[in-house]
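# Residue-level structure breakdown
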Amino acid sequence: MALGAVAEPPVRRRGSDYAQLSRRISQAGLLERRPGWYVTRIVLTLGAFVAGWVAVFLLGDSWWQLPLAAVMAVATTQVAFLGHDAGHRQMFRRRGPSELVGLFAGNVAVGISYGWWVDKHNRHHANPNHEDEDPDVGAGALVWTPEQALETRGFGRWMAQRQAYFFFPMLLLEGLSLHVASIRAIVGREDGKYTVPMRHRAVEAALLVAHTAAYVALLLAVMSPVKALLFAVVHQALWGLYMGCAFAPNHKGMPMPTAEDELDFLRKQVLTSRNVRGSRLVDTALGGLNYQIEHHLFPNMPRANLRRAQPIVRAYCVEQGIPYAETGLVESYRQALGHLHEVGRPLRG
């Protein structure tokens, strides 16, 4: 989808557009840290997470563990959202405390590499929806452009034709994919060098091993091997589904810039992002990612301030003649699936 026809001529000189918006946001105090809010959020989230595992231990060898696994998938995703905020330094300005929370939320609690995720996510934020620069839209199990679709072969081509129908079922494997990607990031080497930069590689490796050992040991200690396996399948599948559903509405189906598109930072972030309308319940369920435009413009803005920043950003986009995409949750999925279906059209033809 070309970007040249999307944005209208700006009201002011492009080089100053983001700076002016940033001043408005700063003057409103929305870049100030929210330590009280985050202390409350961390206590409630980790409290629920720990309480859930205590319940798993107390419930014992029961088939009721399977519904509890679904509950734990929700709790695990909420902890992952804390790791996301820590990675953007929304909680603390200093790197040390941010990394401490990130390593605990990612490696210890969830079982994914915090360092790998930060590297990947930073590249996404730098060039969102850019086919060559954003790792989230690189060709893989799914394809995001007709050009990627035409390069597929065999089973991959068959999948590309029908990927919109398989999107949600495939998210059930997202949790497993994140675990595998984390291991590859820690041990992967090429030409004698590690493929993914990581500040605390040995620590992250040890924490992932500890997480896996504790996870397996707890399940086998309180339930039969069959129930333990089913618990793990339900937990990991629904966690992956929840994570995928939280991130899918943000950019899928939005314009995908190329090297020919010359966009300033403001337009690069706004034109490729989509907000999701909803109540504070939606804010909690999506970890604040429903304010994707504001989050991409100000990644270190505390999650609690995104709702307050939205009217300022939206009004400024109207002033500048920049399209501001916002829709309901169901419609956001419809648009994302519609894009996936359209990408496979050349193959179906």
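All of the points below concern the structure found in this document. (Residues numbered from 1 in each chain as written. Predicted model: local features only at pLDDT ≥ 70, side-chain atom pairs only at ≥ 80, totals over all residues. Heavy atoms only, no water.)

Core analysis: the biggest nonpolar cluster contains 34 residues, and Trp-53, Val-56, Leu-219 and Phe-231 have the highest contact counts within it. At the level of elements, helix H2 (35-59), helix H3 (65-87), helix H4 (95-110), helix H5 (114-126), helix H8 (174-187), helix H9 (201-222) and helix H10 (225-247) are the ones that each hand at least two residues to this core. Discounting residues that sit within four places of it in the chain, Phe-231 has contacts with Trp-53, Val-56, Gln-65, Leu-66, Leu-68, Ala-69, Met-72, Tyr-215, Leu-219 and Met-223. Among the nonpolar cores identified, the runner-up in size contains 18 residues, and Leu-21, Tyr-291, Cys-317 and Tyr-324 belong to it. (Core = buried A, V, L, I, M, F, W, Y, C linked by side-chain atoms within 4.5 Å. Buried < 20%, exposed > 50% of the residue type's maximum accessible area, 1.4 Å probe, protein only. Helix = DSSP H or I, 4+ residues; strand = E, 2+ residues; numbered from the N terminus. Contact = heavy atoms within 4.5 Å.)

Bringing the pattern of salt bridges into the picture now. Following the criterion strictly, the structure yields 12 salt bridges and no others. Here Asp-136 makes a salt bridge to Lys-120, at a shortest N to O gap of 2.6 Å. Remark: Lys-120 occurs in helix H5 and Asp-136 occurs in the loop between H5 and helix H6 (146-150); sequence separation between them is 16 residues. Salt bridges sharing common partners tie together Asp-17, Asp-264 and Arg-267. (Salt bridge = Lys/Arg side-chain N within 4 Å of Asp/Glu carboxyl O.)

Attention now goes to the packing of H8 against H10. In contact at an axis separation of 6 Å, H8 and H10 are set at 90° when each is read in the N-to-C sense. Classified by the interaxial angle, the pair formed by H8 and H10 is roughly perpendicular. Only Gln-236, Trp-239, Gly-240 and Met-243 of H10 make contact with H8, whose side of the interface consists of Glu-174, Gly-175, Leu-178 and His-179. Taken together, the residues of the contact of H8 with H10 break down into three nonpolar, four polar and one charged. (Axes fitted to C-alpha atoms, helices over the stretch in contact; angles between N-to-C directions. Parallel < 35°, antiparallel > 145°, perpendicular 65-115°, else oblique. Nonpolar A, V, L, I, M, F, W, Y, C, P; charged D, E, K, R; others polar.)

Looking now at the packing of aromatic side chains. Taken as a whole and judged by the stated rule, the model has 11 aromatic pairs. What links up through ring pairs into an aromatic cluster is the set Phe-49, Trp-53, Tyr-215 and Phe-231. A cation over a ring is seen here: Arg-189 above Tyr-194, with NZ or CZ 4.5 Å from the ring centre. Its guanidinium or amino end placed over the ring of Tyr-194, Arg-201 lies 3.8 Å from that ring's centre, counting from NZ or CZ. (Phe/Tyr/Trp six-rings, centres within 6.5 Å; stacked < 30°, edge-to-face > 60°. Lys NZ or Arg CZ within 6 Å of the ring centre and 35° of its normal.)

Topologically, Asn-290 is positioned in the loop between helix H12 (280-285) and helix H13 (292-297). At a separation of 2.7 Å, a polar atom in the side chain of Asn-290 contacts the side chain of Asp-283. Leaving out residues up to four positions away in the same chain, Asn-290 has contacts with Arg-274, Asn-275, Val-276, Val-282 and Asp-283. (Polar contact = N/O pair within 3.5 Å; in protein donor to acceptor, adjacent residues only side chain to side chain.)

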